[in-house]
Protein chains: 2
Amino acid sequence: MIKIAIDAMGGDYAPKEQVLGAMEAIDKIDDIQLILYGKEEEINKYLKPNSRIKVVNANHVIPMDEKNPIGAIRRHKDASMVMALDSVSNGENDAIVSSGATQALIAGAHIVIRRMKGFKRTAIAPVIPTVDNRSVILLDTGANLQIRPEHMLQQAYFATIYANKVLEIKNPRVGLINIGTEKGKGRELDQEVYELFLKTDLFEFSGNIEPKTILEPDCDILISDGFTANIVMKTIEGTAKGMGKILKNSLMSSFSGKLAGLLAKKNLIKFKKQMSAEEIGGAVIYGLQKPVIKAQGASKAYGFYNGIRQAANIVRNQVFETVEEYIKSESSGENE
Amino acid sequence: MIKIAIDAMGGDYAPKEQVLGAMEAIDKIDDIQLILYGKEEEINKYLKPNSRIKVVNANHVIPMDEKNPIGAIRRHKDASMVMALDSVSNGENDAIVSSGATQALIAGAHIVIRRMKGFKRTAIAPVIPTVDNRSVILLDTGANLQIRPEHMLQQAYFATIYANKVLEIKNPRVGLINIGTEKGKGRELDQEVYELFLKTDLFEFSGNIEPKTILEPDCDILISDGFTANIVMKTIEGTAKGMGKILKNSLMSSFSGKLAGLLAKKNLIKFKKQMSAEEIGGAVIYGLQKPVIKAQGASKAYGFYNGIRQAANIVRNQVFETVEEYIKSESSGENE
């Protein structure tokens, strides 16, 4: 049985949607047990008893707008998020899913679960939607500002294992985000990464990818440093949001447009959802000792269920173990 | 009279649309003379004789997909683009408008017209559309990879003069593109620029701007280094293009959607145009000795006319002279 710790109190609609999502997961996935951390009384309002769901009471909740995430993690040992993280750190559970405050979860993951030995820079890797409905991993959006080509190689390798074992992409290809497609483009870092990725046997390298094709890139994994990828993610979000508004204004300015807007309403909502920050927001943290899944803050039951499914897939397919093994062989190689 | 050199042969629809655009400009703007460089015979097919339009024959045209822009500029002294640049460099004309090959024009501008003395890094600054129909300047998209805070101060100052005198924005405000809004966010460069901009009296500083609001930013000028701003521009372009396709697919998947699509067709085309690469593509090069306006490669007559209008506004309002004066006072200050 795969044991997954659930931060039942984190999220805009917690604990209701988290509990409903957990029940959906139990229903659909046979080999999991869920341990829900949070206020027992509130959780029990929504929970139908099930032998594979356990509730552990937690008195505190870290608020979604927590201003001092590190302090909150250190101070509130009785917070649902911290207790869930602890349970993974001490081996009681195999993974954690939380839609709680992002910065607190990231801080908590580093403080409580810690980095995989030899993995130099953890990365946050959301999956972005594409025109042809593929899943493309974007990393590192976690604002790692000091990074070296070797760190990016580790992150890209992690992404290929994840893409292969969880997203079921046969031969995941890695593309480097750059200002031009030709070799030699970009900053010194980009040029060094290009050379390193060209030589590696760990994955197939698609070369430089210009963000002109960001929603239909000729690769499965897009990588850049933590500053650039974060800027790319936020520019996608801002453009999508802005375009939605421009389109709405444009439709509302004519009668046929208004009529069209009414007819297309369902499609427009679906479209908005597909491109929304919340959809882009769900992400796995790469390079920790155990899987930490950040579900969207605005998760409803189905979204949260998807986070649990993701966690189960990661554990079942031994994503973290595979990367750990490679990192070990890499560092033993260094000592030869 | 303001004298503007026109590269009549550069552009996807040259020389027809360039010539039509020139005639429109002569019609609408009283204080300009236009000198058209290109194949006289082809130009004359579309040109109605006018005392304020002169044609100068040029035998060569630099192709839109020129692979060796610097070589092309040096080799082809008889190219329409090079002859037009030369005429501005030697003082015959006041500014140049071209929708020819971007890299060739940039190379040519630097080789033939040269940098303004004391202006350390030229910048390319397209205007991006916003949700509320303002014009926001994005710079530097010209891929200046080695840049210092002082260079960005010069560029930002240039942008404020341009925004004030040409875009008629009263007190243009400058925002720094960053991964978070708080002070202290970003790389060392970003932190240094933040401090420098906070102290300057040259313009109002809006602080850090996250690209989540890229199409509705709380400022008039968005600045970052040449790598980041280029990535932002291309991500806007890629997201807009991708979203257009996703929206189309989504509409086409249902009957009401198809009907809505038909009704909204005009609005959707307008929308696509507003967000297209070509609309974003038009740009002024900051920091040269004379104004060089890069009109969109796909310019039609109206777009090209707009480029000419822009050039006339820059010359009439002495944008370059104002910046030059400041740069001079700045460097004399350094010597005190």
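Computed from a predicted structure; not experimentally measured. (Residues numbered from 1 in each chain as written. Chains lettered and ligands numbered in written order. Predicted model: local features only at pLDDT ≥ 70, side-chain atom pairs only at ≥ 80, totals over all residues. Heavy atoms only, no water.)

Asker: Sorry, what's going on with the sheet that holds strand β1 (residues 2-7) of chain B here?
Answerer: Two modes of strand pairing occur in sheets, parallel and antiparallel, and in both the strands are linked by backbone hydrogen bonds. All names here are of chain B. The strand order across the open sheet formed by eleven strands is β3-β2-β1-β4-β11-β10-β5-β6-β9-β7-β8, and the pairing between neighbours is mixed. At either margin of the open sheet sits one strand with a lone partner, and together these are β3 (53-57) and β8 (204-209). Looking at each pair of strands side by side, their axes are set apart by 25 degrees on average, direction ignored. In this structure, strand β2 (residues 32-38) lies alongside β3, joined through five bridges in parallel fashion. Residue pairing across strands places Gly38 opposite Asn57, the latter belonging to β3. Helix α5 (residues 102-113) rests against β4 (95-98), β5 (123-129), β10 (283-286) and β11 (292-294) of the sheet, and its axis sits at about 175 degrees to β11. (Pairing = 2+ DSSP bridges. Helix = DSSP H or I, 4+ residues; strand = E, 2+ residues; numbered from the N terminus. Axes fitted to C-alpha atoms, helices over the stretch in contact; angles between N-to-C directions. Contact = heavy atoms within 4.5 Å.)

Asker: I tried to follow the pattern of salt bridges on my own but got confused; where do I start?
Answerer: Any two side chains of opposite charge can pair if their charged atoms end up close together. Applying the stated rule across the entire model yields 22 salt bridges over all chains. One salt bridge in this structure joins Arg316 of chain B and Asp31 of chain B, with 2.7 Å as the shortest N-O distance. Linking Arg316 of chain B in helix α12 (residues 301-316) with Asp31 of chain B in the loop between α1 (16-28) and β2, this pair joins segments that are 285 residues apart in sequence. You can call Arg316 of chain B partly exposed: its relative accessible area is 37%. Among the salt bridges present, the one from Asp132 of chain B reaches Arg134 of chain B, with a minimum N-O distance of 3.1 Å. A single salt-bridge network, built from bridges that share partners, covers Asp132, Arg134 and Asp220 of chain A. (Salt bridge = Lys/Arg side-chain N within 4 Å of Asp/Glu carboxyl O. Buried < 20%, exposed > 50% of the residue type's maximum accessible area, 1.4 Å probe, protein only.)

Asker: In this structure, what is going on with the packing of aromatic side chains? I would like to understand it.
Answerer: Remark: the centre distance and the inter-plane angle together describe each pair of aromatic rings, the angle taken between the planes. Residue and element names in this part refer to chain A. Tallied over the full model, the rule gives 18 aromatic pairs over all chains. Aromatic side chains Tyr302 and Tyr305 sit 5.8 Å apart centroid to centroid with 45 degrees between the ring planes, which places their arrangement in the tilted category. Note that Tyr302 and Tyr305 are positioned in helix α12 (residues 301-316) at a spacing of three residues, about one turn of the helix. Here Tyr305 falls in the buried class, since its relative accessible area comes to 7%. Of the aromatic side chains, those joined through ring pairs into one cluster are Phe119, Phe158, Tyr162, Tyr286 and Phe320. (Phe/Tyr/Trp six-rings, centres within 6.5 Å; stacked < 30°, edge-to-face > 60°.)

Asker: Got a minute to help me understand the packing of helix α8 (residues 226-252) of chain A against helix α8 (residues 226-252) of chain B in this structure?
Answerer: Two quantities define a packed helix pair, namely the angle between the axes and the distance from one axis to the other. Across the interface, α8 of chain A lies against α8 of chain B with an axial gap of 8 Å and an inter-helix angle of 45 degrees. The orientation of α8 of chain A relative to α8 of chain B falls into the category oblique. Of the two elements, α8 of chain A crosses α8 of chain B, and the hand of that crossing is right-handed. Side by side, α8 of chain A and α8 of chain B meet where Phe227, Thr228, Ile231, Val232, Thr235, Ile236, Thr239, Ala240, Met243 and Leu247 of chain A of the first sit next to Phe227, Thr228, Ile231, Val232, Thr235, Ile236, Thr239, Ala240, Met243 and Leu247 of chain B of the second. (Parallel < 35°, antiparallel > 145°, perpendicular 65-115°, else oblique. Left-handed = near helix turned anticlockwise from the far one by under 90°.)

Asker: Whenever I open this one, the sheet that holds strand β11 (residues 292-294) of chain A confuses me. Can you help?
Answerer: All names here are of chain A. Spatial strand order, β3-β2-β1-β4-β11-β10-β5-β6-β9-β7-β8: eleven strands in an open sheet with mixed pairing. Only two strands of the sheet have a single partner each, and these edge strands are β3 (53-57) and β8 (204-209). Neighbour-to-neighbour, the strand axes of this sheet turn through a mean angle of 25 degrees, independent of strand direction. Here four bridges tie strand β5 (residues 123-129) to strand β10 (residues 283-286), and the two strands are oriented antiparallel to one another. Each residue of the ladder has a partner; that of Ile124, found in β10, is Ile285. Across the sheet, helix α1 (residues 16-28) lies against β1 (2-7), β2 (32-38) and β3, angled at about 170 degrees from β2, the strand it touches most.

Asker: Where do I start with the environment of Lys16 of chain A in this structure?
Answerer: In this fold, Lys16 of chain A is placed in helix α1. Taking C-alpha positions, Lys16 of chain A is 43 Å from Ser206 of chain A, a pair spaced 190 residues apart along the chain.

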